[in-house]
Amino acid sequence: MIPARSVDLGQRSRQSLRVLRFLPLTLLILLFASLKAETVVGKSAPPAWVILPDYEIPSTTDSSLGSVRYLASDFQSNLEEHSDYRHYATQINTRAGVEDYSQLSVDFQPDYQTLTWNSLEVVRDGERQDRLAGAKFELIRQEKGLDRQLYDGEITAHTILSDIRPGDTIVYSYTIIGANPIFQGKVHAFRRMQYGSPVDYMRSRILWDSTQRTLRWRHQPPFTPSAPVQRRLQSPP
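Here the structure is a predicted model, which means the values were calculated and not measured.

Once that is clear, we can look at the nonpolar core. Membership of the largest hydrophobic core comes to 25 residues, with the highest contact counts inside it found for Leu-115, Trp-117, Leu-120, Tyr-172 and Tyr-174. Mapped onto this core, the elements with two or more residues apiece are strand E2 (68-78), strand E3 (83-92), strand E4 (103-108), strand E5 (114-124), strand E8 (155-160) and strand E9 (169-177). Excluding residues within four positions of it along the chain, Trp-117 makes contact with Gly-42, Lys-43, Ser-44, Leu-104, Val-106, Leu-132, Phe-137, Tyr-172, Ser-173 and Tyr-174. Counting residues in hydrophobic clusters, the runner-up holds seven residues, among them Leu-71, Ala-72, Val-123 and Tyr-201.

Below you can see the structure in the form of structure tokens.
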């Protein structure tokens, strides 16, 4: 009787291990279902405090620059509204560029952030095609730390652009609003100002209330911009 009882306990242990092994997958499925029901990607004009970037879109491509040409990378942040605006423009030079850049993704934390897409355009032969109205965003919770049973809650809004051709320029912008409450209003950020490929237009703009906080910043060498650096930090009106 004792050996039979021992075997029964062993079977129960193996069954328990099987349940624990599939538990993370079950939790992920439940999280994904909840994500679909509660999280929405907004579509609207950029916030009133944003100053739209001013740059030119070349009428011809230059394949010597590689598969794409980076025309604009614009970062603007309003610290008092916990709002970050991003604007990008990329010209597609080759078929390889079409494959690499016809899919767009943005990560955010739905627990305390909202994502609003402000623009999505394809510029072809000098004409702008508005793709935002018909864009569909798939929300993906990847949970990169799932194998270590770590869940950070970050999700990815992903969209695929159809009918992209060499010579097209993809222009898009979005705003993420919200801050992690654990930092109690304090802000820190890192902005890369040098890439492996040239960027025609690059800007970092920060707005804050100088009566409420002190802003400190620095840049690490090497830093060799092709245009003069303007250290102009602005406070909201």
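So, about the pattern of salt bridges. Applying the stated criterion to the full structure yields seven salt bridges. The partner of Asp-200 in a salt bridge is Arg-69, with the nearest N and O atoms 2.9 Å apart. On the criterion of sequence distance, the pair formed by Asp-200 in strand E10 (residues 199-207) and Arg-69 in strand E2 is long-range, its members being 131 residues apart. Residue Asp-200 is classed as partly exposed on the basis of its relative accessible area of 42%. Residues Glu-80 and Arg-213 are paired through a salt bridge, measuring 2.9 Å at the closest nitrogen-oxygen approach.

Turning our eyes to something else, we now look at the environment of Val-122. Mapped onto the elements of the fold, Val-122 is located in strand E5. In sequence terms Val-122 and Asp-168 are 46 residues apart; their C-alpha atoms lie 6.4 Å from each other. Excluding residues within four positions of it along the chain, Val-122 makes contact with Glu-127, Arg-128, Gln-129, Arg-131, Ile-164, Asp-168 and Thr-169.

Bringing the pairing of E3 into the picture now. Counting buried residues in E3 gives nine out of ten residues, a clear majority hidden from the surface. Pairing geometry for E2 and E3, over ten bridges, is antiparallel. Its bridge partner being in E3, Tyr-70 is matched across the sheet by Thr-90. Hairpin remark: E2 followed by E3, antiparallel, with four residues in the connecting loop; positive phi at His-82, about 50 degrees. Across nine bridges, E3 lies against E9 in antiparallel orientation. The residue of E9 that forms the bridge with Ser-83 is Ile-177.

In this section: unusual backbone geometry. Even without glycine at this site, Asp-125 takes up a positive phi of about 55 degrees. Counting through the fold element by element, Asp-125 comes out in the loop between E5 and strand E6 (127-130). On the accessibility criterion, Asp-125 (76% relative accessible area) is exposed. You will see that Gln-184, though not glycine, has its phi angle at about 55 degrees, which is positive. Within the secondary structure layout, Gln-184 lies in the loop between E9 and E10.

Relative to the helices and strands, Ser-173 resides in strand E9. A distance of 2.6 Å separates the side chain of Ser-173 from the side chain of Ser-119, its partner in a polar contact. With near-sequence residues (within four places) excluded, Ser-173 lies in contact with Tyr-85, Arg-86, His-87, Trp-117, Asn-118 and Ser-119.

Overall, antiparallel pairing links the three strands, which are arranged E4-E8-E7 in an open sheet. Looking along the sheet, the strands with just one partner apiece sit at the ends: E4 and strand E7 (138-140). Taking the axes of each pair of neighbouring strands and ignoring which way they run, one obtains an average angle of 25 degrees across the sheet. Bridging between E7 and E8 involves three bridges; their strand directions are antiparallel. Considered in E8, the bridge of Glu-138 is made with His-158.

Analysis parameters
Every chain is numbered on its own, with residues counted from 1 as its sequence reads. Totals for whole chains, interfaces and linings use every residue, but because this is a predicted model, local features are given only for residues with pLDDT of at least 70 and side-chain atom pairs only at 80 or more, for both listing and counting. Think of the side-chain values as coming from all heavy atoms in the structure, minus any hydrogens and water. Throughout, nonpolar core names a set of buried Ala, Val, Leu, Ile, Met, Phe, Trp, Tyr and Cys residues whose side chains join them through atoms within 4.5 Å. Burial classes follow relative accessibility: with a 1.4 Å probe on protein chains only, a residue under 20% of its type's maximum area counts as buried, one over 50% as exposed, and anything between as partly exposed. Secondary structure elements are defined from DSSP: runs of H or I of at least 4 residues count as helices, runs of E of at least 2 residues count as strands, and each element is numbered from the N terminus. In this description, contact between two residues means that some pair of their heavy atoms is separated by no more than 4.5 Å. Only one rule defines a salt bridge in this text: a Lys or Arg side-chain nitrogen within 4 Å of an Asp or Glu carboxyl oxygen. Here a strand pair is declared whenever DSSP counts at least two bridges between the two strands. Under the rule applied, a polar contact is a pair of N or O atoms within 3.5 Å (in protein, one hydrogen donor and one hydrogen acceptor; residues adjacent in sequence only if both atoms are side-chain atoms). All axes are obtained by fitting lines to C-alpha atoms, using only the stretch in contact for helices, and the reported angles, taken between N-to-C directions, cover 0 to 180 degrees.

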